[in-house]
Every structure is written in C-alpha cells, then in structure tokens.
Amino acid sequence: MTLGHPQKRSPSRITRAAFKPQHGFTLVELILVLFFIGLIMGMATPLVMSTLDRIELRASAREMASALRYARSEAVSHKTSVIFEGYIDRNQYRVSHDRTEHATQTALLDEKIKIVHYTNELETIQDETFKIKFFPQGNSTGGTIRLEAGEPGESENLYAISIDPVTGKIRIDQEER
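What counts and how
Residues numbered from 1 in each chain as written. Predicted model: local features only at pLDDT ≥ 70, side-chain atom pairs only at ≥ 80, totals over all residues. Heavy atoms only, no water. Helix = DSSP H or I, 4+ residues; strand = E, 2+ residues; numbered from the N terminus. Buried < 20%, exposed > 50% of the residue type's maximum accessible area, 1.4 Å probe, protein only. Contact = heavy atoms within 4.5 Å. Areas by Shrake-Rupley, 256 points an atom, 1.4 Å probe, with all protein chains shown as cover. Phe/Tyr/Trp six-rings, centres within 6.5 Å; stacked < 30°, edge-to-face > 60°. Pairing = 2+ DSSP bridges. Salt bridge = Lys/Arg side-chain N within 4 Å of Asp/Glu carboxyl O. Core = buried A, V, L, I, M, F, W, Y, C linked by side-chain atoms within 4.5 Å.

Engineer: Can you help me understand the overall build of the protein chain in this one?
Structural biologist: Looking only at helices and strands, the protein chain has 2 helices and 9 strands in total. Along the protein chain, from the amino end to the carboxyl end, the secondary structure elements read α-α-β-β-β-β-β-β-β-β-β. Split into buried and exposed, the 177 residues of the protein chain put 31% on the buried side. For the protein chain, the proportion of contacts with a sequence separation of at least 24, taken over those separated by at least 6, is 53%. Accessible surface for the protein chain amounts to roughly 12300 Å². Of this, 57% is attributable to carbon and sulfur atoms.

Structure representation (structure tokens):
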C-alpha cells in the first residue's frame, strides 16, 4: 500500500454487499397482519361476551339458590318461619325471619342479570314482589324463579330455580328458549 493512492475495491466485494439479503417486514405486511388480528378479534368478541354473561348468570343462580337454602336452614334450626322475598322491579332479594321482619341476608343482582318471573301453583308474578315462606318442618310455599342474562326475552341464557313445596329442596336447571 502506498500513500496517496486510494485503495480500490474489487468488483466482487461491491456486488456481494449490494445484494446482501435484508431482514424484517415491509409496512404492507405489517398492516395486513394487524388487519387480520383485528378481524379475528372482532369475530371472537361476541362469543367471549356471551360466555361471560352465561358465567355471571350461573353464578347469580347459584348465589340465589344458596340464599334459599339458607332460608330453609334458618327455618328448621330456629323452629320459626323464614321468608325469602324477591323484588323483581328492583332486581334484588332478601331473607328475613317471619316474626322480626329483620333482613338477615340481602343481595342485589348484577345489572346484566334479571329476575324474569316467579311462578307457583296459583300465580305468575312478573313485576312485583314475591314471597317464599319456609316453615320449621322444612317445607315451603314452593315455586320457580327464572333468571335471565341481558334484555328480557332476547337472551338464550335462562336458569330456573325450583323450590319443592313438600320438602323445601332447591334445584337449579338451565333452560333453553
């Protein structure tokens, strides 16, 4: 190497450097991937939301059935009548002793869950207060409470909580529309 003379590169080096493979994605490829991810998310969201509503409905039905079992248990153990009151218009319920009327348990259902109606041998109540009375022997006035997720009449998710009038036993059933 001599001073004053620039070093010349061989043509093969220039050619290899110019055609070196590039790594990464183009902007178009990235936009397409993001578009497909958004499309898939848009299709999956309704499925996830209906599943969440169904899970919340099942949990609310179990919670209400637990309150009914508690009312029966209180009636038998304290040898007094216990009342389960459901307020359809306020979407809540409470358990109280017949003599004191003092609520021992009160619950407000999630806003997505609705008490559709209460049915017993004599009537169907859709927009008022209903009462189920548990007696010291374990029996009750009986009936069926129906719960629904979402707007009344539109949801496919429906649970029925049945109270046997002879035994006072509570059963939860999922119903189809």
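Engineer: Whenever I open this one, the packing of aromatic side chains confuses me. Can you help?
Structural biologist: Here a ring pair, both rings aromatic, is described through the centre-centre distance and the interplanar angle of the planes. Within the structure shown, the criterion is met by 4 aromatic pairs. Pairing Phe35 with Phe36 gives two aromatic rings, centres 5.5 Å apart and planes at 65 degrees, and the pair type is edge-to-face. A ring pair is formed by Tyr118 and Phe130, whose centres lie 4.5 Å apart and whose planes are at 5 degrees; its orientation type is stacked. Here Phe130 lies in strand β6 (residues 129–134) and Tyr118 lies in strand β4 (residues 113–119), a separation of 12 residues in the sequence. Here Tyr118 matches Phe130 in class, with each residue buried. Taken together, the aromatic side chains of Phe84, Tyr93, Tyr118 and Phe130 make up a single cluster linked through ring pairs.

Engineer: Please explain the pairing of β4 as it appears in this structure.
Structural biologist: Regular strands place side chains that alternate from one sheet face to the opposite one. Where β4 and strand β7 (residues 143–149) come together, 6 bridges link them in antiparallel fashion. Bridge pairing in β7 places Lys114 opposite Glu148. The pairing of β4 with strand β5 (residues 124–125) spans 2 bridges and is classified as antiparallel. Residue pairing across strands places Tyr118 opposite Ile125, the latter belonging to β5. Counted along the chain from β4 to the antiparallel partner β5, the turn is 4 residues long.

Engineer: Would you explain the sheet that holds strand β9 (residues 170–175) in this entry?
Structural biologist: Strand order in the open sheet formed by 5 strands is β5-β4-β7-β8-β9, with antiparallel pairing between adjacent strands. If you trace the sheet from one side to the other, it starts and ends with β5 and β9, each paired once.

Engineer: Help me understand the pattern of salt bridges, please; the structure alone is not making it clear to me.
Structural biologist: Pairing between side chains of opposite charge can happen when their charged atoms approach one another. In the structure shown here, the tally under the stated rule is 6 salt bridges. Where Arg171 meets Asp173, a salt bridge forms, and the shortest distance between an N and an O atom there is 2.9 Å. On the basis of relative accessible area, Asp173 is assigned to the partly exposed category, the value being 27%. Through salt bridges with shared partners, a single network forms among Asp53, Glu56 and Lys112.

Engineer: Can you help me understand the environment of His78 in this one?
Structural biologist: Inspection of the secondary structure assignment puts His78 in helix α2 (residues 27–78). Classification of His78 as partly exposed rests on a relative accessible area of 48%. Taking the C-alpha atoms as reference, His78 lies 9.5 Å from His97; in sequence the two are 19 residues apart.

Engineer: Before we go on, may I ask you to explain the nonpolar core in this structure?
Structural biologist: Among the nonpolar cores identified, the biggest contains 29 residues, and Met64, Leu68, Phe84, Ile145 and Leu147 are the most heavily contacted of them. If you list the elements that add at least two residues to this core, you get α2, β1 (82–87), β2 (92–97), β4, β6, β7 and β8 (158–163). Tallying contributions element by element places α2 first for this core, with 8 residues.

Purely geometric stuff here, so don't read any function into it on its own.
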